[in-house]
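# Descriptive analysis of the structure
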Amino acid sequence: MPRPRTTTAGSSRRERRPNVADRLSPVTENYLLSLYKMWEASEAPTLTQLTEALRQLPPTEGLGTSVPSVAGMLRRMQDQALVDVGGDKRIRLTDRGQQEGASIAQRHRLAEWLVVRLLGMELREAHIEAHQLEHGMSDSLVTKLRERLGNPTHSPFGWPIPGSGAAGSTPGSVTLENATHDVPYVVDRVPEENAELLRFLDGARLVPGCRMTLLEAMPYLGVMQVETEVDRVSIGYDVAKLIIVRPAESE
């Protein structure tokens, strides 16, 4: 006679575990998020470029960012069919890598809205806090959060949220360094990694959805002067090339 099937407490927990338990490691997800952002910008980074991007992540993520440690992690990701390193030494996401990268980007960008809109935290805190939250968000939580936030299409920093149907860039958008004088623009995207820079941009209202006009470009000094909704401020060209703006008439 066959023995009756029994279920131990341990096996029961495994059967009921949430989908986050089957995810890639947080370290792998951090690599995928950085690579996915580069993929969105049509960039296939070298090992050195990826290492520099990973160094911009919050220290709380605990990543080893020496070139040898990043190279070792990439080899493991190749074994998982997440990335491919071509003969040109550039790193590209595989189909699976793009799918997993979109998943972590979606969770990260919704988590940024969670802390800004629902919890009332400052914009400069959103990127850091989102890294703390993104790895533990289940698919059901992502769905509920998206609904609660009103189905946003872009993050607070202007990055498109995967699954929302948003386009990668707005027609006519340019970097601030290439903006035309005395033409009204709306800020489309800003860098999210530097908390002190975000404090400045937020205070000057140089954040997505806000209007601005380029008053004067002074490349010989490396700065430009712009007028925002609240002030006139000087912006370095190194920062201006990271800010995306679109013509105000596209509103």
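I will try to describe carefully the structure that is included in this document. (Residues numbered from 1 in each chain as written. Predicted model: local features only at pLDDT ≥ 70, side-chain atom pairs only at ≥ 80, totals over all residues. Heavy atoms only, no water.)

## A word on unusual backbone geometry
Residues other than glycine seldom take positive phi values, yet N151 does so here, at roughly 55°. Overall, the relative accessible area of 47% leaves N151 in the partly exposed class. A positive phi angle, near 60°, is found at D182, a position not held by glycine. Summarising the element assignment, D182 is placed in the loop between β3 (174–175) and β4 (184–189). (Buried < 20%, exposed > 50% of the residue type's maximum accessible area, 1.4 Å probe, protein only. Helix = DSSP H or I, 4+ residues; strand = E, 2+ residues; numbered from the N terminus.)

## Let's talk about the nonpolar core
Within the largest apolar cluster, 27 residues are counted, with the highest numbers of intra-cluster contacts made by L176, L206, M212, V226, I235 and I243. Secondary structure elements with two or more residues in this core: α6 (123–133), β4, α8 (195–203), β5 (211–218), β6 (223–228), β7 (232–236) and α9 (237–240). Residues contacting I235, with those up to four places away along its chain left out, are L176, F200, L206, G222, V223, M224, V226 and A240. Formed by 21 residues, the second largest nonpolar core is a distinct cluster that contains Y31, Y36, V70 and A102. (Core = buried A, V, L, I, M, F, W, Y, C linked by side-chain atoms within 4.5 Å. Contact = heavy atoms within 4.5 Å.)

## Digging into the packing of helix α5 (residues 95–118) against α6
For the pair α5 and α6, the least separation of the axes is 8 Å and the interaxial angle reads 125°. When the axes of α5 and α6 are compared, the pair comes out oblique. Of the two elements, α5 crosses α6, and the hand of that crossing is right-handed. Of the residues in α6, those in contact with H108, A111, E112, L114, V115 and V116 of α5 are L123, A126, H127, E129, A130, H131 and L133. The residue makeup of the contact of α5 with α6, split by class, is eight nonpolar, three polar and two charged. (Axes fitted to C-alpha atoms, helices over the stretch in contact; angles between N-to-C directions. Parallel < 35°, antiparallel > 145°, perpendicular 65-115°, else oblique. Left-handed = near helix turned anticlockwise from the far one by under 90°. Nonpolar A, V, L, I, M, F, W, Y, C, P; charged D, E, K, R; others polar.)

## A short note on the layout of surface pockets
Here the largest pocket defines a volume of roughly 790 Å³. Forming the boundary of the largest pocket are 25 residues, of which K37, Q56, W159, E193 and L242 lie nearest the centre. Elements with a minimum of two residues in the lining of the largest pocket: α2 (26–40), α3 (47–54) and α6. Looking at which element gives the most residues to the lining of the largest pocket, the answer is α2, with five residues. Considered class by class, the residues forming the lining of the largest pocket number 11 nonpolar, six polar and eight charged. Here the second largest pocket is characterised by a volume of approximately 370 Å³. Around the second largest pocket sit 22 residues that line it, and H154, S155, G158, D188 and P208 are the ones nearest its centre. When residues of the lining of the second largest pocket are traced back to their parent elements, those giving at least two are α5, β4 and β8 (244–247). Ranked by the residues each element gives to the lining of the second largest pocket, the list is headed by β4, at three residues. Classifying every residue of the lining of the second largest pocket gives 10 nonpolar, nine polar and three charged. (1 Å grid on protein atoms, 1.4 Å probe; cavity = no way out; pocket = protein on both sides within 12 Å on 5 of 7 lines; lining within 4 Å. Points joined across faces, edges and corners; volume = space filled by probe spheres on them.)

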